[in-house]
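Listed here are the chains, written in short residue letters.
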Amino acid sequence: MADFSLPAPFEPQKSDFIHDRATRPKGPAVTWKDIAARFWGYGFGAVFALLLTVAMFQLRDSWDNHREWLVSFIPFFAIAGLAFGYLAQRGKWEALAVPGAFLGLTAIFTVSVLLGDIDEVSRDTRRVVAILGGISLAATTLAAIITLAVVEWRDPPKAPPPLM
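What counts and how
- Residues numbered from 1 in each chain as written.
- Predicted model: local features only at pLDDT ≥ 70, side-chain atom pairs only at ≥ 80, totals over all residues.
- Heavy atoms only, no water.
- Helix = DSSP H or I, 4+ residues; strand = E, 2+ residues; numbered from the N terminus.
- Expected span 1.5 Å × (residues − 1).
- Buried < 20%, exposed > 50% of the residue type's maximum accessible area, 1.4 Å probe, protein only.
- Contact = heavy atoms within 4.5 Å.
- Axes fitted to C-alpha atoms, helices over the stretch in contact; angles between N-to-C directions.
- Left-handed = near helix turned anticlockwise from the far one by under 90°.
- Nonpolar A, V, L, I, M, F, W, Y, C, P; charged D, E, K, R; others polar.
- Salt bridge = Lys/Arg side-chain N within 4 Å of Asp/Glu carboxyl O.
- Core = buried A, V, L, I, M, F, W, Y, C linked by side-chain atoms within 4.5 Å.
- 1 Å grid on protein atoms, 1.4 Å probe; cavity = no way out; pocket = protein on both sides within 12 Å on 5 of 7 lines; lining within 4 Å.
- Points joined across faces, edges and corners; volume = space filled by probe spheres on them.

**Things to note about helix α5 (residues 123-154)**
- Here α5 spans 46 Å end to end across 32 residues, near enough to the 46 Å set by a 1.5 Å rise per residue.
- Of the positions making up α5, those classed as buried are Arg-126, Val-129, Ala-130, Gly-133, Ser-136, Leu-137, Thr-140, Thr-141, Ala-143, Ala-144, Thr-147 and Val-151.
- Looking at the buried side of α5, the elements it contacts are α2 (32-61), α3 (74-89) and α4 (97-119).

**Observations concerning the packing of α2 against α3**
- Running from amino to carboxyl end, α2 crosses α3 at an angle of 145°, the nearest separation of the two axes being 7 Å. In this structure, the crossing between α2 and α3 has a hand that is right-handed.
- Across the contact of α2 with α3, the residue classes tally to 19 nonpolar, six polar and one charged.

**Some words on the environment of Tyr-86**
- Positionally, Tyr-86 belongs in helix α3.
- Along the backbone, Tyr-86 and Gly-45 are 41 residues apart, and their C-alpha atoms lie at a distance of 6.8 Å.
- Dropping the residues within four chain positions of it, Tyr-86 is found in contact with Gly-41, Tyr-42, Leu-148, Glu-152 and Pro-157.

**Brief notes about α3**
- The end-to-end C-alpha distance of α3, which contains 16 residues, comes to 22 Å, matching closely the 22 Å that a straight helix rising 1.5 Å per residue would cover.
- Where α3 is buried, its residues contact α2, α4 and α5.
- In the stretch just after α3, Gly-91 is the one whose phi turns positive, near 80°.

**As for the pattern of salt bridges**
- For the structure on display, the rule yields five salt bridges.
- Glu-152 is the partner of Arg-90 in a salt bridge, and the nearest nitrogen-oxygen pair spans 2.7 Å. With Arg-90 in the loop between α3 and α4 and Glu-152 in helix α5, the pair connects residues that are 62 residues apart, well separated along the chain.
- Put simply, Arg-90 and Asp-155 hold a salt bridge, and the shortest N to O gap is 3.5 Å. With Arg-90 in the loop between α3 and α4 and Asp-155 in the segment after α5, this pair connects stretches of sequence that are 65 residues apart.

**Brief notes about the environment of Leu-96**
- Note that Leu-96 resides in the loop between α3 and α4.
- If sequence neighbours within four positions are ignored, Leu-96 has contacts with Phe-84, Leu-87 and Ala-88.

**Digging into the nonpolar core**
- Within the largest apolar cluster, 23 residues are counted, with the highest numbers of intra-cluster contacts made by Leu-52, Phe-84 and Leu-137.
- For this core, the secondary structure elements donating two or more residues are α2, α3, α4 and α5.
- For this core, the leading source of residues is α3, giving seven residues.
- In this view, Phe-84 contacts Phe-44, Phe-48, Leu-96, Pro-99, Gly-100, Leu-103, Thr-140 and Ala-144; residues no more than four positions away in its chain are not counted.

**Some points on the layout of surface pockets**
- A volume near 320 Å³ is recorded for the largest pocket.
- In terms of lining residues, the largest pocket is bounded by 15 residues, among which Leu-70, Phe-73, Phe-77, Gly-134 and Ala-138 are the most central.
- Of all the secondary structure elements, the ones that give two or more residues to the lining of the largest pocket are α2, α3 and α5.
- Looking at side-chain class alone, the lining of the largest pocket contains twelve nonpolar, two polar and one charged residues.
- Its boundaries defined by the atoms lining it, the second largest pocket holds a volume of some 150 Å³.
- Surrounding the second largest pocket, Phe-48, Leu-51, Leu-52, Val-54, Ala-55, Leu-103, Thr-106, Ala-107, Thr-110 and Val-111 form its lining.
- Among the elements of the structure, α2 and α4 are those that each provide at least two residues to the lining of the second largest pocket.
- Across the lining of the second largest pocket, the residue classes tally to eight nonpolar, two polar and no charged.

Laid out in C-alpha cells, this is it:
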C-alpha cells in the first residue's frame, strides 16, 4: 500500500521495478538513415529555396538598375522552397504540378538569361527574358505558398498510430 504521508509518492513493494532507473529499457538506436528518412523533405526544400534565390539574383543581374530591394523577397523564397520539400515528403505530387510548372518556366528563363549573358545577346532581349523570368519566379513562389496552405487546410497531417 502506498504511504501518503510522504512528500512524494513512494511504493516500497514496487521500488525495484518503478523507482530504479537501471531497470528501465533503453530507447531505440537512431541511425543517420532514420534521420535522413525523416527529414529529407526539409533538405530538399532548403535546396529549392537556395535555387529560387539564385534564380532571383541571376535574373536581377541582367537589368541595368540592380534594384537592391529584391533581396527582401528571400524569406518568401525560403517559405516556397520549404513548401516544395514538405509537400514532396508528404507525397502530394499532384498538388505540386502547378508550382512545378512555374518552376520549370523559371528555370528556362533563368538559363536563357545566363546563356544570353555568355553569348552577348542584345540587351533588350535579355531584359525581356529577365522580366518574364521574374514574373514566373513570383508565380512559382506564390503558387507554392498557396498550394501549401490549401493542402494543409484540406488534408492536415495526422498523428501516427500508437506503437503499443
